There are 2 protein chains.
Amino acid sequence: VSRVYKLALVGFGNVGRSLVGLLERKRKELRDQHGVEFRITGVASRRIGWLADPEGVAFCHHDGALAPEGSAVLDLRSWLRATRANLLFEASSLNFETGQPAIDHIRAALEHGAHAISANKGPVVHAYRELTELAAHKCRKFLFESSVMDGIPIFSMFRETLPAIELRGFTGILNSTTNVILAEMENGRSFEEAIKKAQELGVAETDPSADIDGWDAAVKVSALVTVLMGIELPPQEVERQGIRHVTGEMVRQARTGGSPYKLLCRARRDRERIEASVAPERVPLTSPLAHVSGTSSIISFETDIFPALTITEENPGVEATAYGMLTDFISAVKSEGQS
Amino acid sequence: VSRVYKLALVGFGNVGRSLVGLLERKRKELRDQHGVEFRITGVASRRIGWLADPEGVAFCHHDGALAPEGSAVLDLRSWLRATRANLLFEASSLNFETGQPAIDHIRAALEHGAHAISANKGPVVHAYRELTELAAHKCRKFLFESSVMDGIPIFSMFRETLPAIELRGFTGILNSTTNVILAEMENGRSFEEAIKKAQELGVAETDPSADIDGWDAAVKVSALVTVLMGIELPPQEVERQGIRHVTGEMVRQARTGGSPYKLLCRARRDRERIEASVAPERVPLTSPLAHVSGTSSIISFETDIFPALTITEENPGVEATAYGMLTDFISAVKSEGQS
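Residues numbered from 1 in each chain as written. Chains lettered and ligands numbered in written order. Predicted model: local features only at pLDDT ≥ 70, side-chain atom pairs only at ≥ 80, totals over all residues. Heavy atoms only, no water.

Caption draft 1: Structural detail: the overall build of chain A. Across its full length, chain A holds 12 helices and 15 strands. Within chain A, the proportion of its 339 residues that are buried is 56%. Carbon and sulfur atoms form 46% of the exposed surface of chain A, whose accessible area is close to 14200 Å². Positive and negative charge centroids in chain A, built from 38 and 44 side chains respectively, lie 3 Å apart. (Helix = DSSP H or I, 4+ residues; strand = E, 2+ residues; numbered from the N terminus. Buried < 20%, exposed > 50% of the residue type's maximum accessible area, 1.4 Å probe, protein only. Areas by Shrake-Rupley, 256 points an atom, 1.4 Å probe, with all protein chains shown as cover. Lys, Arg positive; Asp, Glu negative; His and termini not counted. Charge placed at Lys NZ, Arg CZ, Asp CG, Glu CD.)

Following this line, the structure appears as structure tokens:
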């Protein structure tokens, strides 16, 4: 017996579009292996407005890109009602400092009685406890696998496969933009040229300061500490040093000297005390951290059982983030069978 | 509300002993976080016989080691009845070629109505389908997380956290003994001296041929292909080449030449066809595979979503295998709440 889920998407950029394509591609497996069918009943973004149709939003190809069609309503809450959504996928643009508008979207979805799945780390670092409690109260799920390392199972690995383990700390490279910039500097570019190159490659934003100043990495550290260690650590409390003061010459000397610079994320727990930092550090070539290049990322967990359980994601494909949202969808569905 | 599980252990070597210690150490978390209490009602091994006491087997310290005490019965089935076990932990010594006596233990446990959890890969490669079907028929679980890479979540990661993914292949270093032997040869030892050193370190057996000839690695490849790709591939069908013909000089030249030898496990799927191999190969230093040393292991999965999702286990502690069995215990308990 399969159940038809009504899905709504807010945010329809690369991730949202990729998710619609992936859901379509995996339709048969979701039905046959997980007993899940679905219909996309709402799509919303700043550009297209609040589209809703409980019978299913139509998608048409415009200029080679998938575009949703349907009639629009006026605001978030009317939209959620009009979609009759059982689940909201949240992939709007993030404001690091406030976590908005993602938090409002998720809160409204949970209050409406839908599961809320976010690709954004903002809601995790700014409202984890509130949203998780609200979800539990509504017997729904608030999940966010894609917020760190795309769809690589980090949160779900601890939640589902590592029970009763004690996480003592972690070390990782979690920001691709700075990783690419440092590599370009190793290849002879100046800091400014490297940024330009990263922008051309599509890995750095027009204003790259959130990456360069270590904010993106600090927010990820904050999300991991908050969820996996159960200690609410605001991003502002992560010691943070970006790569602005790192020159091409420093980077090249470090590489030829056998210990290249990487922007390392670190956290270590000592009882209820947390030390967390983001900073450029030199890493010996014998460490797997030294070999993480381009858009790849890595995290190494220290636990009471495993001195180092390390996960590496090499060159994620375009669907990696969307896939994490799909796995959250399946987790939310599974949770309904339990209780 | 917590439920008291009666647990039986067959095999009381290092793994069994470690498991008893770990269960005790995690008793509070199992109860508080997972609603699970337990009592060990049976312990069996060739040396101590079939001990059973439904009120709980007593453990005493003899010569610094934990030793079970109680009254013994005559055979496996009487023992299972006498223990009233809800779950069997199977950690007996393995016969690679037959999977026995582990298969008989697991079959008897499932028929008795208990979950069966094994640290052995023999039952997986020789009787996966039969035991899984029997378990399903009895509404019980047959689980074996510790059979590959100790307790690192490999099987459970795919089962619980990577739904609807297409596994195309994997590459890994899964046998510690040969990894240690190759490292000792790099450090100047001959093949024979390296084996002796590995035996002194406790990582090679008195008869090390199962490791050296690549059998242990081939059985792991077979287990991974059978379970994760759903294709029953007997270990005999894994192309297998051990490290017997690799000389100290070859190994040292390869290392100084910048691409050391590693005993690589590989599998690749092309529709229903599988190519699987175990062989010494030279690995470039830019690959994370080259940096896996000692008792560490690594596996890199190629999927439709992630070109490479890599998991590394560095220097596993003594409890790593026991921990995998504990996670299977929790999974089995969780499965009872569902369906």
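Caption draft 2: Expanded view of the sheet that holds strand 9 (residues 142–143) of chain B. Residues and elements named next belong to chain B. Within the open sheet, the seven strands sit side by side as 6-3-2-1-7-8-9. Their pairing is mixed. A single partner strand is all that each edge strand has here, and the edge strands are strand 6 (71–73) and strand 9. Of the strand pairs in this sheet, strand 3 (residues 49–52) and strand 6 are connected by three bridges, and their pairing is antiparallel. Its bridge partner lying in strand 6, alanine 52 is registered against serine 71. Against the sheet, helix 3 (residues 76–83) makes contact with strand 1 (3–10), strand 2 (36–45), strand 3, strand 6 and strand 7 (87–90), and its axis sits at roughly 15° relative to strand 3, the strand it touches most. (Pairing = 2+ DSSP bridges. Contact = heavy atoms within 4.5 Å. Axes fitted to C-alpha atoms, helices over the stretch in contact; angles between N-to-C directions.)

Caption draft 3: The sheet that holds strand 7 (residues 87–90) of chain A, seen in detail. All names here are of chain A. As summarised here, the arrangement of the seven strands in space is 6-3-2-1-7-8-9, forming an open sheet in which the pairing is mixed. Across the chains shown, the open sheet's two edge strands, defined by having one partner strand only, are strand 6 (71–73) and strand 9 (142–143). Pairing between strand 1 (residues 3–10) and strand 7: four bridges, direction parallel. Its bridge partner being in strand 7, alanine 8 is matched across the sheet by leucine 88. Helix 3 (residues 76–83) contacts strand 1, strand 2 (36–45), strand 3 (49–52), strand 6 and strand 7 of the sheet and is inclined by roughly 15° relative to strand 3. Across the sheet, helix 4 (residues 102–112) touches strand 1, strand 3, strand 7, strand 8 (115–118) and strand 9, and the angle it forms with strand 7 is around 175°.

Caption draft 4: Up close: the interface of chain B and chain A. Contacts between the two partners involve 46 residues from chain B, matched on the other side by 46 residues from chain A. Here chain B and chain A share an interface that buries about 3600 Å² over both sides, 59% of which is from carbon and sulfur atoms. A per-residue breakdown of the area chain B buries against chain A is headed by Ala164(B), Ile305(B) and Tyr323(B), which together make up 17% of the total. The closest approach of N and O atoms between Arg25(A) and Asp304(B), which form a salt bridge, is 3.2 Å. Where chain B touches chain A, the interface holds 15 residue pairs in polar contact (both at pLDDT 80 or more). When residues of the side of chain B that touches chain A are traced back to their parent elements, those giving at least two are helix 1 (14–25), helix 2 (27–34), helix 6 (155–161), strand 15 (308–314) and helix 12 (320–337) of chain B. With seven residues, the top contributor of residues to the side of chain B that touches chain A is strand 15 of chain B. Taken together, the residues of the side of chain B that touches chain A sort by class into 22 nonpolar, 13 polar and 11 charged. Both strand 15 (residues 308–314) of chain A and strand 15 of chain B contribute to a ladder of seven bridges, which runs antiparallel. Across the sheet, Glu314(A) pairs through a bridge with Ala308(B), a residue of strand 15 of chain B. (Buried area = accessible area lost by both parts, 1.4 Å probe. Salt bridge = Lys/Arg side-chain N within 4 Å of Asp/Glu carboxyl O. Polar contact = N/O pair within 3.5 Å; in protein donor to acceptor, adjacent residues only side chain to side chain. Nonpolar A, V, L, I, M, F, W, Y, C, P; charged D, E, K, R; others polar.)

Caption draft 5: Spotlight on the pattern of salt bridges. Using the criterion set out here, one finds 48 salt bridges over all chains in the structure. In this structure, Glu160(A) and Lys334(B) form a salt bridge, with 3.6 Å as the shortest nitrogen-oxygen distance. Placement of Glu160(A) in helix 6 (residues 155–161) and of Lys334(B) in helix 12 is noted, with the two residues assigned to different chains. By relative accessible area, Lys334(B) is classed as partly exposed at 34%. The partner of Glu302(A) in a salt bridge is Arg268(A), with the nearest N and O atoms 2.9 Å apart. Of this pair, Glu302(A) sits in strand 14 (residues 297–303) while Arg268(A) sits in strand 12 (residues 261–270); the two residues are 34 residues apart in sequence, bridging distant segments of the chain. The structure contains a network of salt bridges with shared partners spanning Arg25(A), Lys26(A), Glu29(A), Glu319(A) and Asp304(B).

Caption draft 6: Inspection of the relation of the copies chain B and chain A at higher detail. Of the two same-sequence chains, chain B is brought onto chain A (RMSD 0.0 Å, axial shift 0.0 Å) by a rotation of 180°. When the rotation and shift are considered jointly, the pair of chain copies conforms to a two-fold rotation axis. Identified as the residue of chain B closest to the rotation axis by C-alpha distance is Ile311(B), at 2.4 Å. Comparing interface residues between copies, 100% of those in chain B also lie at the interface in chain A; the contact surface is shared. (Least-squares fit on C-alpha atoms with pLDDT ≥ 70 in both.)

Caption draft 7: The packing of helix 7 (residues 176–186) of chain B against helix 8 (residues 191–200) of chain B, seen in detail. Residues and elements named next belong to chain B. At a minimum axis distance of 8 Å, the contact between helix 7 and helix 8 shows a crossing angle of 125°. The pairing of helix 7 with helix 8 is recorded here as oblique in orientation. Remark: the crossing between helix 7 and helix 8 carries right-handed chirality. Side by side, helix 7 and helix 8 meet where Val180, Ile181, Glu184 and Met185 of the first sit next to Phe191, Ala194, Ile195, Lys197 and Ala198 of the second. Considered class by class, the residues forming the contact of helix 7 with helix 8 number seven nonpolar, no polar and two charged. (Parallel < 35°, antiparallel > 145°, perpendicular 65-115°, else oblique. Left-handed = near helix turned anticlockwise from the far one by under 90°.)

Caption draft 8: Inspection of helix 1 of chain B at higher detail. With 12 residues, helix 1 of chain B extends 16 Å between its outermost C-alpha atoms, agreeing within 8% with the 16 Å of an ideal straight helix rising 1.5 Å per residue. Three or more residues of helix 1 of chain B are buried, namely Gly16(B), Ser18(B), Leu19(B), Val20(B), Leu22(B) and Leu23(B). (Expected span 1.5 Å × (residues − 1).)

Caption draft 9: Examining the packing of aromatic side chains more closely. As enumerated under the stated definition, the model contains 20 aromatic pairs over all chains in all. Plain terms: the ring middles of Phe306(A) and Tyr323(B) are 5.9 Å apart, the flat faces sit at 85° to each other, and that makes the pair edge-to-face. In this pair, Phe306(A) sits in the loop between strand 14 and strand 15 while Tyr323(B) sits in helix 12, so the two residues belong to two different chains. When its relative accessible area of 0% is taken as the criterion, Tyr323(B) is described as buried. Measuring from ring centre to ring centre gives 5.1 Å for Phe142(B) and Phe144(B), while their planes differ by 55°; the resulting arrangement is tilted. Phe142(B) sits in the buried class, given a relative accessible area of 6%. The class of Phe144(B) is buried, set by a relative accessible area of 6%. Through pairs of rings, three or more aromatic residues link up here, namely Tyr128(A), Phe142(A), Phe144(A) and Phe155(A). (Phe/Tyr/Trp six-rings, centres within 6.5 Å; stacked < 30°, edge-to-face > 60°.)

Caption draft 10: Up close: the side chain of Ser222(A). All names here are of chain A. Its location among the elements puts serine 222 in helix 10 (residues 215–228). By relative accessible area, which is 0% here, serine 222 ends up buried. Ignoring anything within four residues of it in the chain, the contact list for serine 222 reads Val125, Leu233, Pro234, Pro235 and Val238.

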